[in-house]
Amino acid sequence: MLKIKNLTKKYGTFEVLKDISFKVPSGSIYGFLGKNGAGKTTTMNILTGLINCNSGNISIDGKDFSTNKRQILKTIGYLPQTPVFYGFMTGYEYLKFIGNLSGMSPKEISVRTDEVLEKVDLKSDAARRRLSGYSGGMKQRFGLATALFNHPKILFLDEPTASLDPEGRMEVLELIENLRVEGITVFLSSHILNDIERVCSEVSILDQGKILVSSNLKELEKKYIQPIFDIEVDGDVTSLKEVLMDHPLIENIKVNQNKLSIYVKDIVEGKKQLLKLILSTNNTVLSYNIRKSNLEDIFMRMVIK
Ligand SMILES: Nc1ncnc2c1ncn2[C@@H]1O[C@H](COP(=O)(O)OP(=O)(O)OP(=O)(O)O)[C@@H](O)[C@H]1O
Ligand SMILES: [Mg+2]
């Protein structure tokens, strides 16, 4: 278990992390959610020993991070937000280089190189090419191989899918999912809510340096579950929103062009009344759909408001 307690970080007078606390269960794939500038990378850099915090405690499996730093750092892997590799090296050369840096024997390096390349699905002909020629997806998969090289117990991934196209994202997410069976704890930051929803079992939402919520994802969805009526109309959406907001049944409405996402206080009454109510305003309804709220809805309500 990775425990973070009352962590603060300041740059000058600017408080980037304001007393954050959360626990990452061993073996979980943990999503660390937050919009740009929330403090995700700062947290990652502290947890991987790259920068110091101003106050707070971090422990891994009961061991204090600050007093066992050298030992703990050997058990973690980190793929930074914008990893930098020596582009003139081939994949093989780079892995040999980091293996040498970690003091591994040539035999160990050779065995581990084959293992990690297979894990991230990089073929040997790709590994013989220079890193500067890798595509974005290949670079990110290679980054995962380097982060996994020292058999980490905890893997920190800072926005691993942010720069990738849909295919590259799927590949990386699949690799992350595969790590679950190996029992590696994965701490993954992202603002792509779909990705978090797909692979994570636990989440924390960070906003302006504060943790808004930490929870099991299923419990979070259960707690904040709320049916949403997605309605598309042909007409004046702004005045329709005003009319609807005055009605006691309606809790909130989000508008996107001519589509309304309507949150109601009572689903049974909503089903009975909402469509009638809209039609009584002389708007034409083009589509009507009821769905369960997802992580994106929860995030929007908590963070964007
Ligand atoms: N070295 C630094 N000096 C001063 N301010 C900093 C420094 N590093 C980060 N910050 C500020 O701290 C805040 C959090 O930055 P951080 O990079 O941790 O956010 P993030 O959640 O990773 O954002 P993004 O999604 O854009 O990667 C930002 O306002 C940033 O400008
Ligand atoms: Mg960041």
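Above this text is the structure in question.
Residues numbered from 1 in each chain as written. Chains lettered and ligands numbered in written order. Predicted model: local features only at pLDDT ≥ 70, side-chain atom pairs only at ≥ 80, totals over all residues. Heavy atoms only, no water.

A. Broad picture of the coordination of the magnesium ion (ligand 2). At 2.0 to 2.2 Å from the magnesium ion (ligand 2) lie its protein donor atoms, namely Thr-41 (OG1) and Gln-81 (OE1). Here Thr-41 is found in helix H1 (residues 40–47), whereas its partner Gln-81 is found in the loop between strand S6 (76–79) and helix H3 (91–101), with 40 residues between them in sequence. Taking the relative accessible area as the measure of exposure, Thr-41 reaches 26% and is therefore partly exposed. Its relative accessible area of 37% is what places Gln-81 among the partly exposed residues. (Donors = N, O, S within 2.8 Å, 3.2 Å for Na, K, Ca; no water. Helix = DSSP H or I, 4+ residues; strand = E, 2+ residues; numbered from the N terminus. Buried < 20%, exposed > 50% of the residue type's maximum accessible area, 1.4 Å probe, protein only.)

B. Seen up close, helix H6 (residues 136–148). Counted at 1.5 Å a residue, the expected span for H6 with its 13 residues is 18 Å, and the 18 Å between its end C-alpha atoms agrees. Burial analysis of H6 places eleven of its 13 residues in the buried class, the great majority of the element. When we look at burial in H6, the residues that qualify are Gly-137, Met-138, Gln-140, Arg-141, Phe-142, Gly-143, Leu-144, Ala-145, Thr-146, Ala-147 and Leu-148. The inward-facing, buried residues of H6 contact S6, H3, helix H4 (106–119), helix H5 (124–127), strand S7 (154–158) and helix H7 (166–180). (Expected span 1.5 Å × (residues − 1). Contact = heavy atoms within 4.5 Å.)

C. Spatial organisation of the site of ligand 1. Near ligand 1 lie 13 residues; those nearest to it are Gly-37, Lys-40, Thr-41, Thr-42 and Gln-81. Here an oxygen atom of ligand 1 and a backbone polar atom of Ala-38 are 3.2 Å apart. With respect to ligand 1, the side chain of Thr-42 contributes an N or O atom lying 2.5 Å from an oxygen atom. Protein coverage of the free-state accessible area of ligand 1, which is 640 Å², stands at 62%. No other element matches H1, which puts three residues into the shell around ligand 1. Grouping the constituent residues of the shell around ligand 1 by class yields four nonpolar, six polar and three charged. (Near = heavy atom within 4 Å. Polar contact = N/O pair within 3.5 Å; in protein donor to acceptor, adjacent residues only side chain to side chain. Areas by Shrake-Rupley, 256 points an atom, 1.4 Å probe, with all protein chains shown as cover. Nonpolar A, V, L, I, M, F, W, Y, C, P; charged D, E, K, R; others polar.)

D. Quick look at the environment of Thr-146. Mapping Thr-146 onto the fold places it in helix H6. For the pair Thr-146 and Thr-161, spaced 15 residues apart in sequence, the C-alpha to C-alpha distance is 16 Å. Those residues in contact with Thr-146 that lie beyond four places of it in its chain are Phe-85, Tyr-94, Leu-95 and Ile-98.

E. Structural view of H3. Buried within H3 we find Gly-91, Tyr-94, Leu-95, Ile-98 and Gly-99. Buried residues of H3, viewed axially, fall in a sector of 135°; they line one side. Of the residues in H3, the exposed ones pointing more than 90 degrees away from the buried face are Lys-96 and Leu-101. On its buried face, H3 sits against H4, H5 and H6. (Arc of directions from axis to C-beta.)

F. How the structure looks around the sheet that holds strand S9 (residues 202–207). The strand order across the open sheet built from six strands is S6-S7-S8-S3-S9-S10, with neighbouring strands paired in mixed fashion. Two strands in the sheet have a free side with no partner beyond their single neighbour: S6 and strand S10 (210–216). The mean inter-strand angle of the sheet, taken between neighbouring strand axes irrespective of direction, is 15°. Sheet analysis places S9 next to S10, joined by six bridges and oriented antiparallel. Along S10, the bridge assignment pairs Ser-204 with Ser-214. (Pairing = 2+ DSSP bridges. Axes fitted to C-alpha atoms, helices over the stretch in contact; angles between N-to-C directions.)

G. Spotlight on the sheet that holds strand S1 (residues 2–11). Spatially, the four strands line up as an open sheet ordered S2-S1-S4-S5, and their pairing is antiparallel. If you trace the sheet from one side to the other, it starts and ends with strand S2 (14–24) and strand S5 (63–64), each paired once. Here S1 runs beside S2; their pairing, made up of seven bridges, is antiparallel. Bridged to Lys-3 within S2 is Lys-23.

H. Highlighting the pattern of salt bridges. Within the structure shown, the criterion is met by ten salt bridges. The partner of Lys-119 in a salt bridge is Glu-182, and the shortest N-O contact between them spans 3.1 Å. Of the two residues, Lys-119 is situated in helix H4 and Glu-182 in the loop between H7 and strand S8 (185–190); the sequence distance between them amounts to 63 residues. Across the pair Lys-123 and Asp-121 runs a salt bridge, and its minimum N-O distance is 2.8 Å. By relative accessible area, Asp-121 is classed as partly exposed at 45%. (Salt bridge = Lys/Arg side-chain N within 4 Å of Asp/Glu carboxyl O.)

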